[in-house]
Amino acid sequence: MKIIIVGCGRVGSKMAIELSDEGNDVRLIDRNPLAFDKLLNNFGGRIIVGTGIDEDVLINAGIEEADALISVAKGDNTNIMAGQIAKFLYKVPKVVVRIVDPKSKKFYEEEIGLTCYCPTEVSCSSYIGLLEV
Amino acid sequence: MYVVIVGGGQVGYYLTKTLLEKNYEVTLVDWDFNKTERLKYELGGNVMYASGSSIDGLERAGCSRADVIVAATSDDEDNLVICQLGKKYFNVPKAVARISNPRNERIFKELGISTTISGTSYIAEAIERYVAKQQLTTLLTFSRNEMALVEAELEENSPVVNKTTAELELPYECVIALILRERNVVFVKADTIFKPKDLVIAISTQNEQENLRKILLGEPEV
């Protein structure tokens, strides 16, 4: 699969390495060139310096023929915008975005139709689950 | 008429002031605490410290009864979310987005936000129209494009340099609001003297812009 990942933080960098090791063609976008230091030469895909809400950057990353886009940049709003560009303008078949704010996540999932992952909700239930061991 | 403006930078600030002068009810929202405290000195209760791109923040700002929401931050992604929440969550009839990347105009339109204002486009158009340096840059237009907030950068040989505002014969329909000098803001009084490299911010009708430009910057070099 051709996969674009927006945001090379802890999650983005780890995911990029794993997906690329599995044989996917991964393109990783981050606006801070130093963010790619996390990859420690373990990443076989392509890196693109730029912001994931810039159409030119996304085109350069191959959004026109991408099979999937995962947006895990620092700000919710960046992910929301990158996800909508991918899903509604470029018709990327699989788009997943991280939205930390649960209320915003609910709105973008139900009203806009984005597929969202909300770490706040997931970690809340994980913590509670661990307590009840 | 109730207007919620998100983003307390220069655009949001002047827009708030202008609309208040026109007797609109306005709330200016920003998530920078220091900024809102500073703005409160001048704009008082019309300023609110809140996150304007969150449902909770917009709720507190009274978005559910707003007639217009303006997203005036410098980040396009924030402005998109502000307008989408305004329109689709709070059912605000009119949403206006400021955008920095002119290519986002089309993206915003496709995503349901049709009213966008791009300072970058204005500047690019200005450059295309004249290659000369001595131009006013339109920062914002309002009142059906009749009024404009403009800026002009003075040079060593600009005609106003070393003059006071009292000495200028400004047209009636324009006001010099302030000067950005190095990193300071200078509020313009009758005895304020213009200096080279001053960034002059003025409000003018479209009709008087050319006169204002001549007074501040002189004849363009073609």
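Residues numbered from 1 in each chain as written. Chains lettered and ligands numbered in written order. Predicted model: local features only at pLDDT ≥ 70, side-chain atom pairs only at ≥ 80, totals over all residues. Heavy atoms only, no water.

Novice: Explain the packing of helix α3 (residues 76–89) of chain A against helix α4 (residues 102–112) of chain A residue by residue, including any values.
Specialist: Residue and element names in this part refer to chain A. Orientation of α3 relative to α4, taken along the N-to-C sense of each, is 15 degrees, at an axis distance of 13 Å. In terms of orientation, α3 and α4 fall into the roughly parallel class. The chirality of how α3 crosses α4 is right-handed. Each of I80, Q84 and F88 in α3 lies in contact with α4, whose residues at this interface are S104, Y108 and I112. Tallied by class, residues from the contact of α3 with α4 come to four nonpolar, two polar and no charged. (Axes fitted to C-alpha atoms, helices over the stretch in contact; angles between N-to-C directions. Helix = DSSP H or I, 4+ residues; strand = E, 2+ residues; numbered from the N terminus. Parallel < 35°, antiparallel > 145°, perpendicular 65-115°, else oblique. Left-handed = near helix turned anticlockwise from the far one by under 90°. Contact = heavy atoms within 4.5 Å. Nonpolar A, V, L, I, M, F, W, Y, C, P; charged D, E, K, R; others polar.)

Novice: Lay out unusual backbone geometry with the relevant residues and their values.
Specialist: Although it is not a glycine, N41 of chain A sits at a positive phi angle of roughly 60 degrees. Structurally, N41 of chain A can be placed in the loop between β2 (25–30) and β3 (46–49). Phi at N91 of chain B takes a positive value of approximately 55 degrees, unusual for a residue other than glycine. For N91 of chain B, the location among the structural elements is in the loop between α4 (76–89) and β5 (94–99). By relative accessible area, which is 61% here, N91 of chain B ends up exposed. (Buried < 20%, exposed > 50% of the residue type's maximum accessible area, 1.4 Å probe, protein only.)

Novice: Tell me what's going on with the sheet that holds strand β10 (residues 184–187) of chain B, and back it up with residues and numbers.
Specialist: Pairing between sheet strands relies on hydrogen bonds along the backbone, with the strands arranged either parallel or antiparallel. Residues and elements named next belong to chain B. The strand order β7-β8-β11-β9-β10 describes an open sheet built from five strands, whose pairing is antiparallel. Either end of the sheet is taken by a strand with one partner, and the two such strands are β7 (137–142) and β10. Strand-to-strand, the axes of this sheet are offset by a mean angle of 20 degrees, without reference to chain direction. Judged from the seven bridges that link them, strand β8 (residues 147–153) and strand β11 (residues 199–205) form a sheet pairing that is antiparallel. Each residue of the ladder has a partner; that of E153, found in β11, is L199. (Pairing = 2+ DSSP bridges.)

Novice: Quick rundown of the interface of chain A and chain B? Include the residues and the values.
Specialist: Chain A puts 20 residues into the contact, and the matching count from chain B is 21 residues. Carbon and sulfur atoms supply 58% of the area that chain A and chain B bury against each other, a total of about 1700 Å² over both sides. By the criterion of area lost to chain B, the three top residues of chain A are N77, M81 and F107 of chain A, representing 31% of everything that side buries. At the junction of chain A and chain B, the tally comes to four salt bridges. Ionic pairing is found between R103 of chain B and E55 of chain A, a salt bridge with its closest N-O pair at 3.7 Å. On inspection of chain A and its partner chain B, the count reaches eight residue pairs in polar contact (both at pLDDT 80 or more). Top contributing element to the side of chain A that touches chain B by residue count: α3 of chain A, with eight residues. Per-class residue counts for the side of chain A that touches chain B are eleven nonpolar, four polar and five charged. (Buried area = accessible area lost by both parts, 1.4 Å probe. Salt bridge = Lys/Arg side-chain N within 4 Å of Asp/Glu carboxyl O. Polar contact = N/O pair within 3.5 Å; in protein donor to acceptor, adjacent residues only side chain to side chain.)

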